[in-house]
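Chain residues, written in single-letter form:
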Amino acid sequence: MSEHVHAPVETLALREQFNTAEQQKESVTFGMWIFLITEVMFFGGLFLAYTVYRSTYPVVFGVASTSLNAVIGALNTAVLLCSSFTMVLAVRSAQLGRRRALVLFLILTLLLGMAFLGVKAYEWNEKFVEHHVPGAGFHFEGAAEQGPAQLFFSLYFAMTGLHALHMVVGAGILCWLLYHAVRGRFTAEYMTPVDVAGLYWHFVDIIWIFLFPLLYLIDRHMR
Amino acid sequence: MSEHVDSVKTYTAVWLILLALTGVTTGVAYIDLGAFSVVIALLIAAVKMLLVALFFMHMRHSAKLTQVAAAGAFLWLFVMMAFTFADVWTRGLVGTQGR
């Protein structure tokens, strides 16, 4: 691409530190990927702690893990995968410059994200009712050792909580995108914010793709 | 700029495979495979991750630099995990104090 000739609509969104819209888009996308890589390490620490303690207390972790509701977990995974599907369709709509479709798919993604958080809230509430929340009132019937059981539920809340926090941030980003999408700020030539927000949303989905089997499923067969 | 726009058909197929794999991983969890339960669960999760990354995150159209950087995440994750496990899981083997 020539460095001197731009379509007018491209220069509209081009920041002065970039030569071309293409260079700007590549830089922004790469920046988002670098951020996501730091997130891999962030969540990685929790996955690491989970693996170490699960291997130290396999029996208690197995019993505690099977007390979670796998059917609700699977349904919520499906909800999240649907939200990724609507998000990728939102990005596609933006690529094609279809504003109404973009707004529609962003709203759907937001609703599905809210549905996921709603189910999560229901599950957490269950833990409070069952006294499975680590702390003074903790009691887990299935295990003689309460300590390792508390450890499992501490990790459960830390991992699902941090994931849910990312969902809340994602929902905020979706609202911001919606605000600008409705005003027609995104065009086929400039839709980088939608694109990188999509990367973030799918990344949070990938984290759940690993959390679900590790927390809900892998000890199910021992029952 | 050269933007790759995948078809709705491709995305729908990927989405349906992801939903099917969620069903499979949940169903398989109830079958007693012993230690292989973890292996199967992680394999299915890895396939789902690749599908999301390659198609939904457009990884197959990304710049080489981005692809290498993303793959690099797993190198660092591997270093962190391998060194920790090399410590924790071998403490009992050599009869040293520490547990």
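Residues numbered from 1 in each chain as written. Chains lettered and ligands numbered in written order. Predicted model: local features only at pLDDT ≥ 70, side-chain atom pairs only at ≥ 80, totals over all residues. Heavy atoms only, no water.

With respect to the domain arrangement of chain B
All names here are of chain B. Domain annotation for chain B reports domain 1 (1-61) and domain 2 (63-92). The straight-line distance from the C-alpha centre of domain 1 to that of domain 2 is 22 Å. Taken together, the 4 residues of domain 1 in the interface contact 5 residues of domain 2. Between domain 1 and domain 2, the buried area comes to about 290 Å², and carbon and sulfur atoms account for 67% of it. On the domain 1 side of the contact with domain 2, Met49, Met59 and His61 bury the most area, a combined 95% of that side's loss. Where domain 1 packs against domain 2, one counts 0 salt bridges. (Domains from an automatic or database assignment. Contact = heavy atoms within 4.5 Å. Buried area = accessible area lost by both parts, 1.4 Å probe. Salt bridge = Lys/Arg side-chain N within 4 Å of Asp/Glu carboxyl O.)

Brief notes about the packing of helix α4 (residues 70-95) of chain A against helix α1 (residues 8-28) of chain B
Look at α4 of chain A against α1 of chain B: their axes get within 10 Å of each other, and the N-to-C directions meet at 170°. Classified by the angle their axes make, α4 of chain A and α1 of chain B are roughly antiparallel. Across from Ala70, Ala74, Thr77, Ala78, Leu81, Cys82, Phe85, Val88, Leu89 and Arg92 of chain A in α4 of chain A, the residues of α1 of chain B making contact are Val8, Tyr11, Thr12, Trp15, Leu18, Leu19, Thr22 and Thr26 of chain B. When the residues that make up the contact of α4 of chain A with α1 of chain B are grouped by side-chain class, the tally is 13 nonpolar, 4 polar and 1 charged. (Axes fitted to C-alpha atoms, helices over the stretch in contact; angles between N-to-C directions. Helix = DSSP H or I, 4+ residues; strand = E, 2+ residues; numbered from the N terminus. Parallel < 35°, antiparallel > 145°, perpendicular 65-115°, else oblique. Nonpolar A, V, L, I, M, F, W, Y, C, P; charged D, E, K, R; others polar.)

What about unusual backbone geometry?
A positive phi angle, close to 60°, is found at histidine 131 of chain A, a residue other than glycine. Summarising the element assignment, histidine 131 of chain A is placed in the loop between α5 (99-129) and α6 (146-182). Note on histidine 131 of chain A: relative accessible area 45%, which makes it partly exposed. In the Ramachandran plot, histidine 58 of chain B falls in the positive-phi region, its phi being about 55° despite a non-glycine side chain. Within the element layout of this structure, histidine 58 of chain B appears in the loop between α2 (36-56) and α3 (64-88). (Buried < 20%, exposed > 50% of the residue type's maximum accessible area, 1.4 Å probe, protein only.)

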